[in-house]
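A structural walkthrough
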Amino acid sequence: FPLFLQVTSNCFTISNGEMQDVGVGLYPSMSLLNHSCDPNCVIIFEGYQLLLRSIREIQIGEELTVSYIESLMPTSERQKHLMRQYCFVCDCPLCQDRDKDAEKLAGEERVWKKVKDAVNGVKYPKSEEEWEQVLAKCQNLLSSSEGCLPDTNIYQLKMLDCAMDACINLKSWENALNYGIRTLGPYRLYYPGFHPLRAVQLMRVGKLQYSQDMFPQALETLKQAYTIMKVTHGADHSLMQALMELKEQCEVAMRMQ
């Protein structure tokens, strides 16, 4: 039981290049880092190797912090999560100010609660048929919430992400792009500055624009991803190498037009 508690409190979620969870691991030295909902560092993985990257200038004597949880939650939800798993109350500036809570839950409450339940109920599909069912559900909810929820509502945003993933798995590139573009404004709002999730989302949208021969738009999107990723991932990361290769392909395609 003590070992179980140690793993629960100190493990790190290992993610792949697109920030999707693939496992958990124990990294004892990194477990010494404390939490902030507005951290000055992020954790990135290269395979099973954990990389700690600073995302803003750190003053001499300033503590290094990371976020233990996904920040795309209202303050009350973040506090519940932190108390339940880590047994502490966060008093970082973001929690004290309850910054962006209003935007996160904007729109009609009865509608976003319905969308929230639907998002929480989605299980990762394992077949094309299941992906089609997920997409149909997303499209139905997005249609019914039109005019009631802005895309900045976090559950609406998660539904857009889910619809985008479904379209990508079903190779419906144009529809995936339409959903992806709608997420970029909210991502910019909730992941300002240098954040790996925003960089990855920009790269995904840039790929889709490239697939639709929208080369100028793709290049601009990929440049935005590059600006963030060179800070969050570094020049030697495999995802950064893939981004630079795609950016070069886009530049070549533009010259050939």
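Structure shown above.
The notes below deal with the structure included here. (Residues numbered from 1 in each chain as written. Predicted model: local features only at pLDDT ≥ 70, side-chain atom pairs only at ≥ 80, totals over all residues. Heavy atoms only, no water.)

1. Some details on the packing of helix H6 (residues 128-144) against helix H7 (residues 154-169)
Between two packed helices, the angle of one axis relative to the other and the distance separating the axes together describe the packing. Where H6 contacts H7, the axes come no closer than 9 Å and their chain directions differ by 145°. Once H6 is placed against H7, the crossing between them reads as left-handed. Of the residues in H7, those in contact with Trp-131, Val-134, Leu-135, Cys-138, Leu-141 and Leu-142 of H6 are Gln-156, Met-159, Leu-160, Cys-162, Ala-163, Asp-165, Ala-166, Cys-167 and Asn-169. Split by residue class, the contact of H6 with H7 holds 12 nonpolar, two polar and one charged. (Axes fitted to C-alpha atoms, helices over the stretch in contact; angles between N-to-C directions. Helix = DSSP H or I, 4+ residues; strand = E, 2+ residues; numbered from the N terminus. Left-handed = near helix turned anticlockwise from the far one by under 90°. Contact = heavy atoms within 4.5 Å. Nonpolar A, V, L, I, M, F, W, Y, C, P; charged D, E, K, R; others polar.)

2. Overview of the nonpolar core
Taken as a class, soluble globular proteins show a tendency for nonpolar side chains to be buried jointly. Counting 46 residues, the largest nonpolar core has Met-159, Tyr-179, Met-229 and Leu-243 as the members making the most contacts within it. Residues lining this core come from more than one domain, with at least three contributed by each of domain 2 (106-187) and domain 3 (191-256). Beyond its immediate chain neighbours, meaning those up to four positions away, Met-229 contacts Ala-199, Val-200, Met-203, Gly-234, Leu-239, Met-240 and Leu-243. In this structure, Ile-14, Leu-33, Cys-41 and Val-66 belong to the second largest nonpolar core, which totals 10 residues. (Core = buried A, V, L, I, M, F, W, Y, C linked by side-chain atoms within 4.5 Å. Buried < 20%, exposed > 50% of the residue type's maximum accessible area, 1.4 Å probe, protein only. Domains from an automatic or database assignment.)

3. Section: H6
The terminal C-alpha atoms of H6 lie 24 Å apart, and with 17 residues this matches the ideal 24 Å at 1.5 Å per residue to within 8%. Residues of H6 that are buried: Trp-131, Val-134, Leu-135, Cys-138, Leu-141 and Leu-142. Buried residues along H6 cover an arc of 135° about the axis, so they all sit on one side. In H6, the exposed residues that point more than 90 degrees away from the buried face are Glu-129 and Asn-140. Buried residues along H6 sit against helix H5 (109-121), H7 and helix H8 (173-190). (Expected span 1.5 Å × (residues − 1). Arc of directions from axis to C-beta.)

4. A word on the packing of helix H10 (residues 215-232) against helix H11 (residues 238-256)
One way to put it is that H10 packs onto H11 with a least axis distance of 10 Å and a crossing angle of 155°. Considered as vectors, H10 and H11 are oriented roughly antiparallel to each other. For the pair H10 and H11, the crossing hand works out as left-handed. Facing H10, whose interface residues are Phe-215, Pro-216, Ala-218, Leu-219, Leu-222, Lys-223, Ala-225, Tyr-226, Met-229 and Lys-230, H11 presents Leu-239, Met-240, Leu-243, Met-244, Leu-246, Lys-247, Cys-250, Glu-251, Ala-253 and Met-254. (Parallel < 35°, antiparallel > 145°, perpendicular 65-115°, else oblique.)

5. As for the pattern of salt bridges
Counted under the stated rule, the structure contains nine salt bridges. The closest approach of N and O atoms between Arg-56 and Asp-38, which form a salt bridge, is 3.6 Å. Of the two residues, Arg-56 sits in the loop between strand E5 (49-54) and strand E6 (65-66) while Asp-38 sits in the loop between strand E3 (34-35) and strand E4 (41-46), which places them 18 residues apart along the sequence. Note on Arg-56: relative accessible area 39%, which makes it partly exposed. (Salt bridge = Lys/Arg side-chain N within 4 Å of Asp/Glu carboxyl O.)

6. Thoughts on the side chain of Ser-71
Looking at the secondary structure, you find Ser-71 in the loop between E6 and helix H2 (75-86). Every residue in contact with Ser-71, bar those within four places of it in the chain, is listed here: Cys-37, Arg-78, Lys-104 and Tyr-191.

7. Some details on the environment of Leu-160
Its location among the elements puts Leu-160 in helix H7. C-alpha separation for the pair Leu-160 and Asn-178, spaced 18 residues apart in sequence, amounts to 9.5 Å. Sequence-distant contacts of Leu-160, that is, excluding residues within four places in its chain, are made with Leu-142, Asp-151, Tyr-179, Arg-182 and Thr-183.

8. Focus on the pairing of E5
In this structure, E4 lies alongside E5, joined through six bridges in antiparallel fashion. By the bridge assignment for E5, Phe-45 is matched with Leu-50. (Pairing = 2+ DSSP bridges.)

9. Thoughts on the packing of aromatic side chains
Using the criterion set out here, one finds eight aromatic pairs in the structure. Seen from their ring centres, Tyr-68 and Tyr-86 are 4.9 Å apart, and the 50° between their planes marks the pair as tilted. Note that Tyr-68 is positioned in the loop between E6 and H2 and Tyr-86 in helix H2, a separation of 18 residues in sequence. In this structure Tyr-68 comes out as partly exposed when scored by relative accessible area, which is 27%. Centroid distance Tyr-124 to Trp-131: 5.4 Å. Interplanar angle 85°. Geometry classified as edge-to-face. In this structure an aromatic cluster arises from ring pairing among Tyr-68, Tyr-86 and Phe-88. (Phe/Tyr/Trp six-rings, centres within 6.5 Å; stacked < 30°, edge-to-face > 60°.)

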